[in-house]
Amino acid sequence: MAEITIQTENGHAAFTSLYRSAGLDITDDWAALYHPVFSVTARREGALLAAATVTRRFDRMVLEYLAVEPEARGHGLGKLLTGRCLAYAAGAGETSLWVAAREPGFYRRLGAEETEDSALLADCRRCGDYQVSCHPRELVFHLKENPV
Ligand SMILES: CC(C)(COP(=O)(O)OP(=O)(O)OC[C@H]1O[C@@H](n2cnc3c(N)ncnc32)[C@H](O)[C@@H]1OP(=O)(O)O)[C@@H](O)C(=O)NCCC(=O)NCCS
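Here the structure is a predicted model, which is why all the values come from computation and not from measurement.

A look at unusual backbone geometry
In most cases, non-glycine residues show a negative phi, while peptide bonds are predominantly trans.
Right, so step 1: In this model, H35 sits at a positive phi of 55 degrees, which is unusual for a non-glycine residue.
Right, so step 2: Of note, H35 is situated in the loop between α2 (30-33) and β2 (36-44).

Quick look at the structure:
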């Protein structure tokens, strides 16, 4: 089996189709609107298996998107890329990394905490799936406590 390469990449918009096919609510112009600052990928022989993107919005650093191709799930890639995003945010001097989570259980498992804040869910509230088939939560990683 060929090795998996984990690397940072700057062409954030290139991951839109992976994020969309994983069911994430994403517009074509998100990269122009959301100020992406960091993306990290997992590739095998060049093929994209997983990606995560951190943005800066509402004066916060946000783990905006994370997706793993269905055939690559369950092997720790989601956790690994989340850890890289946490390390990036900590290295940039942040004390928190925020996430609007479609799968809050995944992030809770990695140490994120519930918050009463909901600024990141503003877009969700305009979506027809909100609280019908999608029950997102806004969570926060406190970076000093989470060396994932
Ligand atoms: C959610 C997702 C990123 C998880 O990626 P993955 O590579 O399969 O996850 P990992 O193998 O790294 O799992 C890490 C841990 O989280 C757990 N986990 C995985 N998905 C979970 C979920 N949906 N809810 C709760 N726990 C979950 C795993 O069991 C594992 O636990 P362990 O450390 O005790 O073994 C992946 O399923 C995905 O791309 N889903 C579609 C897009 C999506 O929902 N993105 C997240 C947006 S909020």
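Some details on the environment of G105
Right, so step 1: On the secondary structure map, G105 appears in helix α4 (residues 104-109).
Right, so step 2: Spatially, the C-alpha atoms of G105 and R137 are 9.6 Å apart, while their sequence positions differ by 32 residues.

With respect to the pairing of strand β7 (residues 137-142)
Right, so step 1: Counting buried positions along β7 yields 5 of 6 residues, so the element is predominantly enclosed.
Right, so step 2: With 2 bridges joining them, strand β6 (residues 113-114) and β7 adopt antiparallel strand pairing. By the bridge assignment, E113 is partnered in β7 with V140.

Notes on the site of the ligand
Right, so step 1: Taken together, 19 residues sit near the ligand, with A22, R73, G78, K79 and G105 positioned nearest.
Right, so step 2: Listed by contribution, the elements that provide at least two residues to the shell around the ligand are β4 (60-68), α3 (77-91) and α4.

Looking at the nonpolar core
Right, so step 1: Ranked by size, the top nonpolar core spans 37 residues in total, and within it C85, L97 and V99 carry the most contacts.
Right, so step 2: Elements represented by at least two residues in this core include exactly α2, β2, β3 (47-57), β4, α3, β5 (96-101) and β7.
Right, so step 3: A total of 7 residues in this core trace back to one element, the largest contributor, which is β4.
Right, so step 4: Beyond its immediate chain neighbours, meaning those up to four positions away, C85 contacts F38, V40, A52, V54, L63 and L97.

Regarding α3
Right, so step 1: Compared with an ideal rise of 1.5 Å per residue, which puts 15 residues at 21 Å, α3 spans 21 Å between its outermost C-alpha atoms and is within 8% of the ideal.
Right, so step 2: Along α3, the residues that are buried comprise L77, G78, L81, T82, R84, C85, L86, Y88 and A89.
Right, so step 3: Positioned one or two residues after α3, G93 has a phi angle of 90 degrees, which is positive.

Conventions we followed
- Residues numbered from 1 in each chain as written.
- Predicted model: local features only at pLDDT ≥ 70, side-chain atom pairs only at ≥ 80, totals over all residues.
- Helix = DSSP H or I, 4+ residues; strand = E, 2+ residues; numbered from the N terminus.
- Buried ≥ 20, exposed ≤ 12 C-beta atoms within 10 Å, placed from the backbone.
- Pairing = 2+ DSSP bridges.
- Near = placed C-beta within 6 Å.
- Core = buried A, V, L, I, M, F, W, Y, C linked by C-beta atoms within 7 Å.
- Contact = placed C-beta atoms within 7 Å.
- Expected span 1.5 Å × (residues − 1).

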